[in-house]
Protein chains: 2
Amino acid sequence: MPNTIPLNQEISLSVIKTACSNCNLRELCLPFGLSLEELERLDDLISTRRRIKRGDHLYRAGEPFDAIYAIRSGFFKTDVLLEDGRDQVTGFQMAGELLGLDGISTEHHTCNAIALEDSEICAIPFSRLESLSREIHNLQHHFHKVMSREIVRDHGVMMLLGTMRAEERLAAFLLNLSQRFTARGFSHAEFYLRMTREEIGSYLGLKLETVSRAFSKFQEEGYIAVQQKHIRILNVSGLKALMNHRA
Amino acid sequence: MPNTIPLNQEISLSVIKTACSNCNLRELCLPFGLSLEELERLDDLISTRRRIKRGDHLYRAGEPFDAIYAIRSGFFKTDVLLEDGRDQVTGFQMAGELLGLDGISTEHHTCNAIALEDSEICAIPFSRLESLSREIHNLQHHFHKVMSREIVRDHGVMMLLGTMRAEERLAAFLLNLSQRFTARGFSHAEFYLRMTREEIGSYLGLKLETVSRAFSKFQEEGYIAVQQKHIRILNVSGLKALMNHRA
DNA sequence: TTTTCCGGTTGACATGGATCAAGCCGACGC
DNA sequence: GCGTCGGCTTGATCCATGTCAACCGGAAAA
């Protein structure tokens, strides 16, 4: 299991009580750049840690918003539904990333967040986060950066959906996953996909058959080895070249 | 000229000095929900008003970020460029909307902002906005809402690019423009497009010919009347129906 | 062990939109 | 007034991806 976050083995009171200050994701997640003392104040704010089983919703579109969620372990997707039944996966989120930022705008969630494997999240009451970030400049600034990063990420997806062809999209997707796994200390070259071909397709604006064919093509070309959801990347620069090739 | 923001005729010192407190966009823009006193503090923060001529850049991808911009009058597009020359319009912005939020994340702008007509913007130094929003809760909260709204908007575009067909995309685009013009007190049924068919196409992930054909089709069906960039919407529900029709 | 089912792969064919190409129209310079 | 040019429209053809369908294989249920 190359990409399962190793949970703390020694379950002690202190582990349960303190949230951020000894979380191994603190360099990726909201606490980034905070001092020890600031970190402890953030700890107080994390009201709940909650387990979400694979397939369960963390929240649904339309529900009132009052907290954002940090993923402590596991893997999620977010999707948006149209009345006519069409849906679009808007993102895949992994440990250290935040969920629920879309809800701030209307005070209701605007998408569904669904666990793709058994996961654990930290709920961060939003009004308390706002109060605390009025006091801790670093927290305020970092939170703004996280929101902005989400906007930039979305622009990347728009670029992908608007101008790239099928194989470029899948290559970009794999490279992005690889890079995010690397940032979490996992192999950049070998990982398990948590989502189905259909979910990948929905995210990339493609049908599952097209995704499947692109995987096969990449394998033929020797860029990757695919075995169901187990992916090994054999030729990173090959994938990268594929993306920039087309004029 | 149905959609030109009427500028204050009496150019007086006070008009030049005070920015937000007598701006007719204050209900749309950043000052939303602030008290008179808070508004005056926000005024102090607006360092510059600047005119941008049609075709000029407000900022370019890669430039250091230090301010966000509120559009006082005019019309902009933002776009992202890939190394291989492909580009994607990521949005069209009109009076009362904010530009530059993408730059917070890396402290560099990640897209280009270009005026599509002679425009006027208010520069809001970001670090000062952060300070002030530590003091004015309403400002902090509203700013968070604005960022979140941008994320939600981007999800809408992803939906559009990922699951809709050409005519649905254009219908969604026209209805969105119409709704935004309405919010600014203009006719919801009649407006001038500030962008070319090519720019619309780039935004919608289509080629300009496809956009043009879709316009013609809508006209044939009696949904709209098109005359170059002058659009009249004749049948709103027809356009709406077009969007939800397909399973 | 056998059956069922779900996710995935692969093939044959259909089609929406891209591409290529010609021509139109209004704005602008000469 | 005339030529040029950019933005737009329209037609003919092409092709990437969608659609439909068959089949496979592993996992869970029987």
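Residues numbered from 1 in each chain as written. Chains lettered and ligands numbered in written order. Predicted model: local features only at pLDDT ≥ 70, side-chain atom pairs only at ≥ 80, totals over all residues. Heavy atoms only, no water.

The name an unreviewed UniProt entry gives chain A is CRP/FNR family transcriptional regulator, with Azonexus fungiphilus as the organism.

## Regarding the protein's contact with DNA strand C
Neighbouring DNA strand C are 16 residues, the closest being Arg197, Ser212 and Ser216 of chain A together with Ala166 and Thr210 of chain B. By atom count, sugar and phosphate contribute 67% of the portion of DNA strand C lying within 4 Å of the protein. Here Arg213 of chain B contributes a side-chain N or O atom positioned 2.8 Å from a base oxygen of DNA strand C. Taken together, the elements giving at least two residues each to the surface near DNA strand C come down to α7 (208-220) of chain A together with α7 (208-220) of chain B. In terms of residue count, the dominant contributor to the surface near DNA strand C is α7 of chain A (five residues). (Near = heavy atom within 4 Å. Polar contact = N/O pair within 3.5 Å; in protein donor to acceptor, adjacent residues only side chain to side chain. Helix = DSSP H or I, 4+ residues; strand = E, 2+ residues; numbered from the N terminus.)

## Digging into the sheet that holds strand β8 (residues 119-125) of chain B
Residues and elements named next belong to chain B. Spatial strand order, β1-β8-β3-β6: four strands in an open sheet with antiparallel pairing. Strands at the two margins of the open sheet, each flanked by one partner only, are β1 (48-52) and β6 (98-99). The pairing of β1 with β8 spans five bridges and is antiparallel. When the bridges of β8 are listed, Ile52 appears paired with Ser119. (Pairing = 2+ DSSP bridges.)

## Focus: the relation of the copies chain A and chain B
Laying chain A over chain B is done by rotating through 180° and shifting 0.0 Å along the axis; what remains is an RMSD of 0.0 Å. One copy is carried onto the other by what is essentially a two-fold rotation axis. Scanning chain A for the C-alpha nearest the rotation axis identifies Arg134 of chain A, at a separation of 2.2 Å. In this assembly the copies share their binding face: 100% of the residues contributing to the interface of chain A also contribute to that of chain B. (Least-squares fit on C-alpha atoms with pLDDT ≥ 70 in both. Contact = heavy atoms within 4.5 Å.)

## Examining the interface of chain A and chain B
Across the boundary between the two partners, chain A contributes 47 residues, which contact 47 residues of chain B. Summed over the shared surface of chain A and chain B, the result is four salt bridges. Notably, a salt bridge pairs Glu168 of chain A with Arg86 of chain B, separated by 2.7 Å at the nearest N-O pair. There are 31 residue pairs in polar contact (both at pLDDT 80 or more) connecting chain A and chain B. Those elements giving two or more residues to the side of chain A that touches chain B turn out to be β5 (87-94), α3 (126-135), α4 (137-163) and α8 (236-244) of chain A. (Salt bridge = Lys/Arg side-chain N within 4 Å of Asp/Glu carboxyl O.)

## Thoughts on the protein's contact with DNA strand D
Around DNA strand D sit 16 residues, and of these Ala166 and Thr210 of chain A together with Arg197, Ser212 and Ser216 of chain B come closest. With respect to DNA strand D, the backbone of Ala166 of chain A contributes an N or O atom lying 2.7 Å from a phosphate oxygen. A distance of 2.9 Å is found between a base nitrogen of DNA strand D and a side-chain nitrogen or oxygen belonging to Arg213 of chain B. Secondary structure elements with two or more residues in the surface near DNA strand D: α7 of chain A together with α7 of chain B. With five residues, α7 of chain B is the single largest residue contributor to the surface near DNA strand D.

## Some remarks on the packing of aromatic side chains
Evaluated as defined, the whole model comprises 18 aromatic pairs over all chains. Judged by centre distance (6.0 Å) and plane angle (50°), the rings of Phe126 of chain A and Phe143 of chain A are tilted. Here the residue Phe126 of chain A occupies a position in helix α3, and Phe143 of chain A occupies one in helix α4, the gap between them amounting to 17 residues. Here the two residues Phe126 of chain A and Phe143 of chain A agree in accessibility, since each one is buried. When the centroid spacing of 5.0 Å and the interplanar angle of 40° are considered together, the rings of Phe181 of chain B and Phe191 of chain B count as tilted. Here Phe181 of chain B, found in helix α5 (residues 166-183), pairs with Phe191 of chain B, found in strand β9 (residues 190-192); they are ten residues apart in sequence, far enough to count as distant. (Phe/Tyr/Trp six-rings, centres within 6.5 Å; stacked < 30°, edge-to-face > 60°. Buried < 20%, exposed > 50% of the residue type's maximum accessible area, 1.4 Å probe, protein only.)

## Here we look at the UniProt feature "domain: Cyclic nucleotide-binding" (unreviewed entry) in chain A
Those residues carrying the UniProt feature "domain: Cyclic nucleotide-binding" (unreviewed entry) are residues 30-100 of chain A in this numbering. Between the C-alpha atoms that bound residues 30-100 of chain A there is a distance of 13 Å. The span itself is 14% helix and 45% strand. (UniProt positions renumbered as here; feature names shortened; annotations may be inferred.)

## Comments concerning the sheet that holds strand β7 (residues 112-115) of chain A
The antiparallel open sheet is built from four strands, whose spatial order is β2-β7-β4-β5 (chain A). Only two strands of the sheet have a single partner each, and these edge strands are β2 (57-59) and β5 of chain A. Ignoring which end each strand starts from, the neighbouring axes of this sheet average 30° apart. Examined bridge by bridge, β2 of chain A and β7 of chain A share two bridges and lie antiparallel to one another. Bridging across to β7 of chain A, Tyr59 of chain A finds its partner in Ala113 of chain A. Sheet strands in contact with helix α6 (residues 197-204) of chain A are β4 (75-81) and β5 of chain A, and its direction is about 105° off that of β5 of chain A. Of the strands in this sheet, β4 and β5 of chain A touch helix α4 (residues 137-163) of chain B, which is tilted by about 120° from β5 of chain A. (Axes fitted to C-alpha atoms, helices over the stretch in contact; angles between N-to-C directions.)

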